[in-house]
Amino acid sequence: MFDSSLQQLGSALRAGKISSVELTQLYLDRIAALNPALNAYITTNAEASLAQAREADARIAAGKADSLTGIPIAQKDIFCAKGWRTTCGSKMLENFISPYDAHVIGLFNKAGAVNLGKTNMDEFAMGSSNETSYFGAVKNPWDTARVPGGSSGGSACAVAARLCAAATGTDTGGSIRQPAALCGISGLKPTYGVCSRYGMIAFASSLDQAGPMARSAEDLALLLNVMAGFDERDSTSLQRDKEDYARDLAKPLNGLRIGLPKEFFAEGLSSDVASCVNGAIAEYKKLGATIVEISLPNSKLSVPVYYVLAPAEASSNLSRFDGVRYGYRAPDYGDLTDMYEKSRAQGFGAEVKRRIMIGTYVLSHGYYDAYYLQAQKIRRLIAQDFTEAFKQCDVIMGPTSPSTAFKLGEKGDDPVQMYLSDIYTIAVNLAGLPGMSIPCGFGAANMPVGLQIIGNYFDEARMLNAAHQYQQATDWHCRAPQGI
Amino acid sequence: MSPTIYLDNADVQKVARLARLAMSEAEIEAARAQLGGIFDLIAEMQAVDTQNIAPMSHAQDVSQRLREDVVTEANQRELFQSIAPQVEAGLYLVPQVIE
């Protein structure tokens, strides 16, 4: 049951082979047994989950089930869910009970899915290892001495360890794709604007995008069908016709042109990751694809550009946490400014404060042009590189992360080393393109390796097709961590 | 373009003040060292020629939507204030700001 696809679970539910209450309880029991060692969930609420499961069972009995009705889905704790504690991995929101639903949560509720719990994450999604969470690091289920990646590390761990049927994540600089790669699962960051950001706690608004995390491309397509869509409450939500992201899954790959950016295979890439990615490219050739070498000459600048733009937007977004209307307030303070300064100093963790400081600095008087404006100009150069590349190819492929999962604590003291682990994912967010990661083998110490697939704007269906066809020919995505 | 940034403790103190973050002397010292490393990384941007390149503030070239100027939210003051640190008589309480 825990290895079933969403399609199989949906069929079993609709055929009455299992009820949603039974299925939800099975997962809750599994979480109770395994979560203490993995720390994938910050909050579970059996009463709320089972209430949704009972509603789903009634809906199924009435013959009104949709594809995800009754299926337990884990929600990254960045999505506000009415009545649920929503912490964003921070002490600042430790006791925040959301008074409303994020748009994405509302869509899952409308589809009749069961909210199985809120998954652990780097604080305010700022991190690549899950070690910045106020609620403790998530452990990689393939080796609990290693990180699961971040920031959606709890969701990636939960999917890999079969602690949910599927999960949601958000991706600002790689936060869906990198943990998906490090935990051996599939994850998709859609084109910017495809999923509403309403009720998704903001980090860097021009880059943040929600997406699905699951065990196969086919599952991702079903989830994205539910999550995508226009929402007038998000001013950057795109008004587009509804599409079926599963429509092209079965198409053969004959003639697919795959671009390999030479910059993604240069110095800095571990040899074990390179060999798995090259193996996947060889498989794609067998499936009928042709290979084109391309260049993304400005992609090496994506890390510095990102670490100006994202902190700048974060320093503005996180100014709302002032200890007045919600969130943490320091116990002792003098005047109003003292209350703000102490509440924020005590409520935010070290990495969040660091990024607020960077952002405040680059936006401050005298530095705006040299840093913020210069970063925005290079952002355009990075986006133009992709536009040029897509004249020669249909999808771009390469590694998701330069190495497999590193040890807990290994990069903790050096923020710059941590930032560089997002070197292959960040450019995609800057350009606003869709990107995904799928498992493509195992590297040193038997840790999973992810293949990144980058598509042109709104080309999610084609990317899912490419991923699904690879998963029909290989079984990397079916592997499960031992003892799980 | 400006060269590598050199930050002293007074600069860090000023940024912390602007960001409304209370920091001890020891924290300022530690932050200065770490921010220095990050600004060295950021400094790689300065060598790039960006003359005649328009800044890109957003992933899609779309214009901001407008809507009718009408109330769309219901009043949920009690629900919203139920999660506030301190309220009294429907008001959010903060330290006195007017003598």
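Conventions used here
Residues numbered from 1 in each chain as written. Chains lettered and ligands numbered in written order. Predicted model: local features only at pLDDT ≥ 70, side-chain atom pairs only at ≥ 80, totals over all residues. Helix = DSSP H or I, 4+ residues; strand = E, 2+ residues; numbered from the N terminus. Rg over C-alpha atoms; globule rule 2.2 N^0.38 Å. Buried ≥ 20, exposed ≤ 12 C-beta atoms within 10 Å, placed from the backbone. Contact = placed C-beta atoms within 7 Å. Nonpolar A, V, L, I, M, F, W, Y, C, P; charged D, E, K, R; others polar. pLDDT = per-residue confidence, 0-100. Pairing = 2+ DSSP bridges. Right-handed = clockwise from strand over helix to strand, strands pointing away. Core = buried A, V, L, I, M, F, W, Y, C linked by C-beta atoms within 7 Å. Axes fitted to C-alpha atoms, helices over the stretch in contact; angles between N-to-C directions. Expected span 1.5 Å × (residues − 1).

S.K.: So what's going on with the overall build of chain A? Which residues, and what values?
M.R.: Scanning chain A for helices and strands turns up 15 helices and eleven strands. In terms of C-alpha radius of gyration, chain A reaches 21 Å, essentially the compact-globule figure of 23 Å for 484 residues. Summarising its shape, the C-alpha atoms of chain A cover approximately 65 × 55 × 45 Å along the three principal directions. For chain A, the residues scored as buried account for 62% of the 484 residues in total.

S.K.: Got a sec to walk through the overall build of chain B? Specific residues and values, please.
M.R.: A count of helices and strands for chain B gives three helices and two strands. Shown N-terminal to C-terminal, the secondary structure of chain B runs as helices and strands in the order α-α-α-β-β. Over its C-alpha atoms chain B spans a radius of gyration of 23 Å, topping by over 25% the 13 Å that the globule rule assigns to 99 residues. Counting all 99 residues of chain B, 15% fall into the buried class.

S.K.: Mind laying out helix 4 (residues 103-111) of chain A, listing which residues take part and the relevant values?
M.R.: Residues and elements named next belong to chain A. Among all positions in helix 4, only His103, Val104, Ile105, Leu107, Phe108 and Ala111 are buried. Considering only its buried residues, helix 4 is in contact with strand 2 (72-76), strand 3 (114-119), strand 4 (166-171), strand 6 (209-214) and helix 7 (217-227). The first or second residue beyond helix 4 is Gly112, which carries a positive phi of 85 degrees.

S.K.: Requested: an account of the interface of chain B and chain A, with residues and values cited.
M.R.: Contacts between chain B and chain A engage 42 residues on the former and 55 residues on the latter. Elements supplying a minimum of two residues to the side of chain B that touches chain A: helix 1 (9-18), helix 2 (25-42) and helix 3 (77-81) of chain B. Residue contributions to the side of chain B that touches chain A peak at seven residues, all from helix 2 of chain B. In terms of residue class, the side of chain B that touches chain A is built from 29 nonpolar, nine polar and four charged.

S.K.: Before we move on, could you go through the environment of Gly174(A) and cite the residues and values that matter?
M.R.: Residues and elements named next belong to chain A. Position of Gly174 among the secondary structure elements: in the loop between strand 4 and helix 6 (177-183). Taking the C-beta count within 10 Å as the criterion, Gly174 has 32 such neighbours and is therefore assigned buried. The spacing of Gly174 and Gly10 is 164 residues in sequence and 30 Å in space, taken between C-alpha atoms. Those residues in contact with Gly174 that sit more than four places away from it in its chain are Asp422, Thr425 and Ile426.

S.K.: Can you break down unusual backbone geometry residue by residue, with the values?
M.R.: Residue and element names in this part refer to chain A. Residue Ser151 is reached from Gly150 by a cis peptide bond, and omega for that bond is 5 degrees. Turning to its location among the elements, Ser151 is positioned in the loop between strand 3 and helix 5 (153-160). Here the phi dihedral of Arg162 falls at roughly 60 degrees; this positive angle occurs in a residue that is not glycine. Accessibility expressed as a C-beta count within 10 Å gives 19 for Arg162, which makes it partly exposed. In this structure, Phe458 is a non-glycine residue whose phi angle is positive, near 65 degrees. With respect to the helices and strands, the residue Phe458 is situated in the loop between strand 11 (448-455) and helix 15 (460-473). Overall, the presence of 16 C-beta atoms within 10 Å leaves Phe458 in the partly exposed class.

S.K.: I'd like a rundown of the confidence of the model for chain B, residues and numbers included.
M.R.: The predicted structure's coordinates, where accompanied by low pLDDT, should not be read in detail. Mean pLDDT over chain B works out to 89, with 95% of the residues at or above the 70 mark. Across the interface, the model reports ipTM at 0.93; the global pTM reads 0.97.

S.K.: Can you lay out the pairing of strand 2 of chain A for me, pointing to particular residues and giving the numbers?
M.R.: All names here are of chain A. Taking burial as the measure, the five residues of strand 2 include five buried ones, the bulk of the element. Here strand 2 shows a buried face lined by Pro72, Ala74 and Lys76 and a second buried face lined by Ile73 and Gln75. Here five bridges tie strand 2 to strand 3, and the two strands are oriented parallel to one another. Residue Pro72 lies in a different strand from strand 3, and its bridge partner there is Val114. Where the polypeptide runs from strand 2 across helix 4 and back to strand 3, its parallel neighbour, the crossover connection is right-handed. In this structure, strand 2 lies alongside strand 4, joined through two bridges in parallel fashion. Along strand 4, the bridge assignment pairs Ala74 with Ala167.

S.K.: Give a description of the nonpolar core that names residues and reports values.
M.R.: Residue and element names in this part refer to chain A. Core analysis: the biggest nonpolar cluster contains 170 residues, and Ile73 and Cys164 have the highest contact counts within it. It is helix 9 (residues 302-317) that provides the largest number of residues to this core, a total of nine residues. Apart from the residues within four sequence positions on either side, Ile73 is in contact with Phe108, Ala113, Val114, Asn115, Leu116, Cys164, Ala165, Ala166, Ala167 and Thr168.

S.K.: Describe the environment of Gly288(A), listing the residues and the values that go with them.
M.R.: Residue and element names in this part refer to chain A. By the element assignment, Gly288 lies in the loop between helix 8 (271-286) and strand 8 (290-294). Exposure remark for Gly288: the 12 C-beta atoms within 10 Å place this residue in the exposed category. Here the alpha-carbon distance between Gly288 and Leu256, two residues 32 residues apart in the chain, equals 7.1 Å. Apart from the residues lying within four places of it in its own chain, the contact partners of Gly288 are Pro252, Leu253, Asn254, Gly255 and Leu256.

S.K.: Residue-level account of the sheet that holds strand 7 (residues 257-261) of chain A, with values.
M.R.: Each strand in a sheet pairs with another by means of backbone hydrogen bonds, the pair being arranged parallel or else antiparallel. Residue and element names in this part refer to chain A. Strand order in the open sheet formed by eleven strands is 1-3-2-4-6-5-10-11-9-7-8, and the pairing between neighbours is mixed. The open sheet has two edge strands with one neighbour each: strand 1 (41-43) and strand 8. Across this sheet, the average inter-strand angle for adjacent strands is 35 degrees, counted without regard to direction. Bridge count for strand 1 against strand 3 is two bridges, and the pairing is antiparallel. Paired with Thr43 across the strands is Lys118, a residue of strand 3. Packing against the sheet, helix 15 makes contact with strand 5 (186-189), strand 9 (395-399), strand 10 (435-442) and strand 11, and its axis sits at approximately 145 degrees to strand 11.

S.K.: Run through the environment of Phe265(A), naming residues and quoting values.
M.R.: Residue and element names in this part refer to chain A. Relative to the helices and strands, Phe265 resides in the loop between strand 7 and helix 8. Taking the C-beta count within 10 Å as the criterion, Phe265 has 17 such neighbours and is therefore assigned partly exposed. Along the sequence, Phe265 and Gly435 sit 170 residues apart, while their C-alpha atoms lie 17 Å from each other. Once residues within four sequence positions are removed from consideration, Phe265 is found in contact with Leu260, Ala274 and Gly398.

S.K.: Hey, could you go over helix 10 (residues 336-347) of chain A for me, with residue numbers and the actual values?
M.R.: In a regular helix each residue adds 1.5 Å, so twelve residues correspond to 16 Å; helix 10 of chain A covers 16 Å between its end C-alpha atoms and thus fits that length. Those residues of helix 10 of chain A that fall on the buried side of the exposure criterion are Met339(A), Tyr340(A), Glu341(A), Lys342(A), Ser343(A), Arg344(A) and Gly347(A).

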